[in-house]
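Structure assessment
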Amino acid sequence: MLFIIKRLTFVVSGSCQSMLRRNVLLCKRACTGPLDTRLVLGIETSCDDTGAAVMDETGRILGESSHTQKDVHLKTGGIIPVVAQRLHKENIARVVQEALDKSGIAPRDLSAVATTVKPGLALSLGIGLQYSLNFIQEHKMPFIPIHHMEAHALTVRMIQSVPFPFLVLLISGGHCLLAVARDIDDFLLLGQALDEAPGDTLDKVARRLSLVKHPKCSTLSGGQAIELMAQEGNRLKFHFKSPMGQHYDCNFSFAGFRNQVTQVISKKEEDEGIQPGEILSCVSDIAAAAQYTVASHIAKRTHRAILFCKAKGLLPQNSPSLVVSGGVACNQYIRKTLQIVTDATGLDLHCPPAKLCTDNGVMIAWNGVEKLRKGKGIVAHTANIRYEPKAPFGTDITGQVKEAEIKVPPLKLKISQ
Ligand code: KG4
Ligand code: ZN
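A brief look at the structure comes next.

Cut-offs applied
Residues numbered from 1 in each chain as written. Chains lettered and ligands numbered in written order. Predicted model: local features only at pLDDT ≥ 70, side-chain atom pairs only at ≥ 80, totals over all residues. Heavy atoms only, no water. Salt bridge = Lys/Arg side-chain N within 4 Å of Asp/Glu carboxyl O. Near = heavy atom within 4 Å. Polar contact = N/O pair within 3.5 Å; in protein donor to acceptor, adjacent residues only side chain to side chain. Areas by Shrake-Rupley, 256 points an atom, 1.4 Å probe, with all protein chains shown as cover. Helix = DSSP H or I, 4+ residues; strand = E, 2+ residues; numbered from the N terminus. Nonpolar A, V, L, I, M, F, W, Y, C, P; charged D, E, K, R; others polar. Domains from an automatic or database assignment. 1 Å grid on protein atoms, 1.4 Å probe; cavity = no way out; pocket = protein on both sides within 12 Å on 5 of 7 lines; lining within 4 Å. Points joined across faces, edges and corners; volume = space filled by probe spheres on them. Pairing = 2+ DSSP bridges. Contact = heavy atoms within 4.5 Å. Axes fitted to C-alpha atoms, helices over the stretch in contact; angles between N-to-C directions. Expected span 1.5 Å × (residues − 1). Buried < 20%, exposed > 50% of the residue type's maximum accessible area, 1.4 Å probe, protein only. Arc of directions from axis to C-beta. Parallel < 35°, antiparallel > 145°, perpendicular 65-115°, else oblique. Left-handed = near helix turned anticlockwise from the far one by under 90°.

With that settled, consider the pattern of salt bridges. It is possible for side chains of opposite charge to pair when their charged atoms get near one another. Tallied over the full model, the rule gives 22 salt bridges. Arg182 is paired through a salt bridge with Asp186; the nearest N and O atoms lie 3.3 Å apart. Sharing partners across several salt bridges, the network here consists of Asp183, Asp185, Lys374 and Lys376.

A few words on the site of ligand 1. Around ligand 1 lies a shell of 20 residues, among which Gly173, Asp203, Glu227, Gly327 and Asp359 are the nearest. For ligand 1, a nitrogen atom lies 3.1 Å from a polar atom in the side chain of Asn331. In isolation ligand 1 exposes 550 Å². Once the protein is present, 91% of that is buried. Among the elements of the structure, helix 5 (148-154), helix 7 (198-208) and helix 8 (222-230) are those that each provide at least two residues to the shell around ligand 1. Broken down by class, the residue content of the shell around ligand 1 amounts to 4 nonpolar, 13 polar and 3 charged. Built from parts of two domains, the shell around ligand 1 gets at least three residues from each of domain 1 (36-159 + 358-374) and domain 2 (166-351 + 395-404).

A few words on the layout of surface pockets. Of the volumes computed, that of the second largest pocket is approximately 260 Å³. Along its surface, the second largest pocket is lined by 19 residues, and Lys300, Arg304, Val408, Pro409 and Pro410 are the ones closest to its centre. Ranked by residues supplied to the lining of the second largest pocket, first place goes to helix 10 (residues 283-312) with 6 residues. Residues of the lining of the second largest pocket, tallied by class, amount to 10 nonpolar, 5 polar and 4 charged.

What follows covers the sheet that holds strand 11 (residues 321-325). Across the sheet, which stays open at both edges, the 6 strands sit in the order 12-11-8-9-10-13 with mixed pairing between neighbours. The open sheet is flanked by strand 12 (348-350) and strand 13 (395-396), the only strands paired with a single partner. Looking at chain direction, strand 8 (residues 166-171) and strand 9 (residues 176-183) are connected through 6 bridges and run antiparallel. Looking at the pairing, Leu167 lines up with Val180 of strand 9. Most of the contacts of helix 10 go to strand 8, to which it runs at about 160°, and overall it touches strand 8, strand 9, strand 10 (186-192) and strand 11.

This part takes up helix 9 (residues 255-272). Compared with an ideal rise of 1.5 Å per residue, which puts 18 residues at 26 Å, helix 9 spans 26 Å between its outermost C-alpha atoms and is within 8% of the ideal. Along helix 9, the residues that are buried comprise Phe257, Val261, Ile265 and Glu269. Down the axis of helix 9, the sector holding all buried residues measures 115°, keeping them to one side. When the buried face of helix 9 is taken as reference, the exposed residues oriented beyond 90 degrees from it are Gln263 and Glu270. Gly273 sits one or two positions beyond helix 9 and adopts a positive phi of about 65°.

With that settled, the discussion passes to the packing of helix 10 against helix 11 (residues 332-345). Following both chains from N to C, one finds helix 10 and helix 11 inclined at 30°, their axes separated by 9 Å at the closest point. Taken as axis vectors, helix 10 and helix 11 run roughly parallel relative to one another. As for the relative orientation of helix 10 and helix 11, their crossing is right-handed in sense. Contacts from Gln291, Tyr292, Val294, Ala295, Ile298, Ala299, Thr302, His303, Ile306, Leu307 and Lys310 in helix 10 reach Tyr333, Ile334, Thr337, Leu338, Val341 and Thr345 in helix 11. Of the residues contributing to the contact of helix 10 with helix 11, the split by class is 11 nonpolar, 5 polar and 1 charged.

Take the sheet that holds strand 6 (residues 112-118) next. Across a sheet, strands are paired by hydrogen bonds formed along the backbone, either parallel or antiparallel in direction. Pairing in this open sheet of 5 strands is mixed, and the strands run 5-4-3-6-7 from one edge to the other. Two strands lie at the open edges of the sheet, namely strand 5 (61-68) and strand 7 (143-147), each paired on one side alone. Strand-to-strand twist of the sheet, defined as the mean angle between neighbouring strand axes without regard to direction, takes the value 15°. By the bridge criterion, 4 bridges tie strand 3 (residues 39-44) to strand 6 in an arrangement that is parallel. For Val40, the partnering residue across the bridge sits in strand 6 and is Ala112. Strands in contact with helix 4 (residues 122-139) are strand 3, strand 6 and strand 7; relative to strand 6, the strand with the most contacts, it is inclined by about 155°.

Limitation: the analysis is restricted to geometry and does not speak to function.
Below is the structure:
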């Protein structure tokens with residue numbers, strides 16, 4: 001089947017009231033002249049958030065909606081894939097319809113549907129993909145399959161101009177990676193998590209500390225709870241060894257660190273004579289020390305990545321940039337730590353607003369828009385489209401980074417909470 005990519009044309013002159021059938025869209029725009037745009041519906045279901053957004057070619061969000069499963073997963077102590085799948089199934093049609101309703105756009109006026117197909121939880125990805133395939137079949141339009149991490153990497157370009165190439169650090173519940181973004185579909189992977197991702201680690205530490213029972217944290221994700229508790233704590237009361245000190249590469253490891261934290265918690269529970277499940281008196285100090293160790297590990301690997309890029313000429317001499325995104329990038333303490341690194345190395349630090357760092361439909365729509373503009377990755381025949389729970393990110397040059405064995409000079413990471 002061959003599709004012609006639809007372009008919605010509006011003739012705008014004078015009052016918005018008299019305009020055509022898409023009043024809502026028109027009223028969101030300055031009434032200045034003829035307007036000719038393509039529209040993308042973005043759909044995200046890779047993990048535990050069902051998200052959808054309608055966006056025009058300039059990156060303007062015309063309508064968005066989302067449903068988070070956080071409360072359910074907080075109660076069960078982690079994401080249970082079949083539960084996530086059921087909740088996506090129950091919510092996806094409503095979330096998409098809400099995004100369309102808010103935009104005032106009819107499905108027939110969309111130019112394409114962009115949907116996360118990799119990487120992520122198989123059962124969650126499957127719901128978004130199946131819904132999207134049915135949708136494009138019914139409304140006859142092309143499909144743009146999206147790599148979730150590429151979408152995180154490029155979200156910032158929706159907000160501000162960050163030209164290629166730039167260094168990107170993605171820190172989330174499922175991933176941790178450093179890469180050079182050279183184009184919308186061209187990334188060099190410098191380093192990645194060898195075991196678990198920092199968001200996952202913080203979630204597990206928060207669970208072990210029973211923070212969900214703390215009155216201030218009952219509705220927060222683990223990472224958010226650790227950030228909040230750390231504000232009241234003294235990180236110097238506990239010391240956790242920074243991971244991978246003898247590995248001069250840009251890979252990450254958090255599992256050994258989590259083990260250290262768990263041991264300290266068990267010891268403190270014994271000292272205080274409390275059972276697992278009760279909240280320790282020193283919970284804030286442990287949260288502060290844990291957050292510091294995560295932040296400093298991330299900062300050291302990022303520092304090395306910057307020095308590697310400089311040595312290899314991978315970033316522009318003028319205004320090189322570090323972009324940080326993914327759920328953990330919401331953490332202000334980690335952002336401040338990274339700011340110390342970029343200040344010391346002469347890079348500009350860019351982070352999307354917190355709402356766009358966590359999973360959402362907008363970032364998927366934006367990735368679709370970037371692909372549509374460049375005419376890349378648009379699929380007319382969807383028979384062979386599959387979701388991929390595990391998917392590589394870019395061209396792997398982690399071996400070259402390791403070989404370079406770059407020593408990072410010490411940086412004082414002194415951050416007020
Ligand atoms: O990007 P995201 O929404 O989903 C994944 O693709 O993983 O990231 C979710 C992760 C969770 O682990 C959550 O605890 C963490 O981001 N997170 C934070 C903060 N807000 C969310 N971690 C640290 N500090 C925060 N403020
Ligand atoms: Zn994500």
